[in-house]
Amino acid sequence: MKKICFLITAMLLSVATYGQTAKSVLDKAAANVSAKEGIRANFKMTGSHGNTSGQIAVKGRKFYATTPMATVWFDGKTQWTYMKNNDEVNISNPTEAQLQAINPYNFINLYKKGYNYTLNKSGNDFVVHLTATNANAKIKEMFISINKNNYNPTQVKLLQGKKWTIFDITDLKKQAVADSQFRFNSKDFPSAEVIDLR
C-alpha cells in the first residue's frame, strides 16, 4: 500500500513539475516577445485564410505588419489596414478577438488565462500544447514551438472553429521601433481612399 501511495505521489509531483516547466518556457518566450524596445521578425502564414508571408514589428500592444497584399498598423487602439490591390485604407478599433486573428504575437500571452497547457520536445524546440478551458473560446487549441536555446517562438499553430492556421516565425530580434511605425501616415499614401469603420 505504501508503495502504491509513493508511486501515485511521485506521478502527481512529476505532472506538477511538468506543468511548471511549460509555464516557465511560456514566461520566457513572452518576455522575449514583450521586449520594451520592440522586436522585428519575418513570418509565413498558412491556413484557411490563405497563405502569405511578410515582416512584423511589435512593441507592447502595438504592431505593424506588411505582406504582398496588405499593410497593417495598430497603435494600441486604432488599426489601419491598407489593401494594395485597390489602394484603400480601412480604419477600425478591433476587439481583442479580432486582434488575436491578426497579430501572431498576441497568442503568446493567451496561456495566462483560460488555457491548460502541457510541454513536449521536438528537435531544437519546446512545444507547448494549449487547450481552452472555456468551450466558447475563439481559439480552442494551440501549439507554440519555442527554441530551446533562446526561448524565441518559432511557430504558432492555432485552431479557430474547425480550421488550423500556422504562423512560422524566423529572424526574430530585439530592435528599437519608433512609435510612429505603428500609425498610418496619409502623406505616404496620397491617392488612397480612406474608409472609417469605427
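Throughout, residues of each chain are indexed from 1 in the direction in which the sequence is written. Reporting of local features is limited, given that this is a predicted model, to residues whose pLDDT is at least 70; pairs of side-chain atoms are given and counted only at 80 or more, and all residues count toward the totals for whole chains, interfaces and linings. Remark: hydrogens and water are excluded; side-chain values derive from all non-hydrogen atoms of the structure.

1. Quick notes on the confidence of the model for the protein chain
Link 1 in the chain: Residues at a pLDDT of 70 or more form 84% of the protein chain, whose mean pLDDT is 81.
Link 2 in the chain: Residue-level confidence of the predictor is summarised by pLDDT, bounded by 0 at the bottom and 100 at the top. Helix and strand definitions here come from DSSP, where helices need a minimum of 4 consecutive H or I residues and strands a minimum of 2 consecutive E residues; each element is numbered from the N-terminal end. Looking over the protein chain, one finds the lowest element-wise mean pLDDT in helix H1 (residues 2-33), namely 57, and the highest in strand S6 (residues 88-92), namely 94.
Link 3 in the chain: Between two residues, a contact is recorded if the distance between any of their heavy atoms is within 4.5 Å. Residue range residues 1-20 is modelled with pLDDT below 50. Its contacts to residues more than four positions away, or to other chains, number 3 contacts.

2. Describing the packing of aromatic side chains
Link 1 in the chain: Between the rings of Phe, Tyr and Trp (Trp by its six-membered ring), a pair exists once the centres lie within 6.5 Å; its type follows the angle of the planes, with under 30 degrees stacked, over 60 edge-to-face, and the other angles tilted. For the coordinates displayed, the defined rule picks out 8 aromatic pairs.
Link 2 in the chain: Arranged with centres 5.6 Å apart and planes meeting at 35°, the rings of Phe63 and Phe74 form a pair that is tilted. With Phe63 in strand S3 (residues 62-66) and Phe74 in strand S4 (residues 70-74), the pair connects residues that are 11 residues apart, well separated along the chain.

3. Quick notes on the sheet that holds strand S9 (residues 139-147)
Adjacent strands of a sheet pair through backbone hydrogen bonds, lying either parallel or antiparallel.
Link 1 in the chain: By the convention used here, strands pair only if DSSP detects at least 2 bridges between them. Strand order in the open sheet made by the 12 strands is S7-S8-S9-S10-S11-S1-S2-S3-S4-S5-S6-S12, with mixed pairing throughout. Lying at the two open borders of the sheet, with one neighbouring strand each, are strand S7 (115-122) and strand S12 (193-196). Neighbour to neighbour, the strand axes of the sheet diverge by 20° on average, direction disregarded.
Link 2 in the chain: Sheet topology note: the strand S1 (residues 39-47)/strand S11 (residues 163-174) ladder contains 8 bridges and is antiparallel. By the bridge assignment, Ile39 is partnered in S11 with Lys174. Comment: axis = line fitted to C-alpha atoms, over the contacting stretch for helices; angle = value between 0 and 180 degrees taken between N-to-C directions.

4. Describing the pairing of S6
Link 1 in the chain: The buried fraction of S6 amounts to 4 of the 5 residues, a majority that puts the element mostly inside the structure.
Link 2 in the chain: The antiparallel pairing of strand S5 (residues 79-83) with S6 creates a hairpin that spans 4 residues between the two strands, and Asp87 there sits at a positive phi of about 50°.
Link 3 in the chain: The pairing of S6 with S12 spans 4 bridges and is parallel. Across the sheet, the residue bridging to Glu88 is Glu193, located in S12. Working definition: with a 1.4 Å probe on protein chains only, accessible area under 20% of the residue-type maximum means buried, over 50% means exposed, and in between means partly exposed.

5. Focus on the nonpolar core
Link 1 in the chain: In plain words, nonpolar cores are sets of buried Ala, Val, Leu, Ile, Met, Phe, Trp, Tyr and Cys residues tied together by side-chain atoms within 4.5 Å. Within the largest apolar cluster, 36 residues are counted, with the highest numbers of intra-cluster contacts made by Val25, Val128, Leu130 and Ile146.
Link 2 in the chain: Ranked by residues supplied to this core, first place goes to H1 with 6 residues.
Link 3 in the chain: Formed by 11 residues, the second largest nonpolar core is a distinct cluster that contains Trp80, Val177, Phe182 and Ala192.

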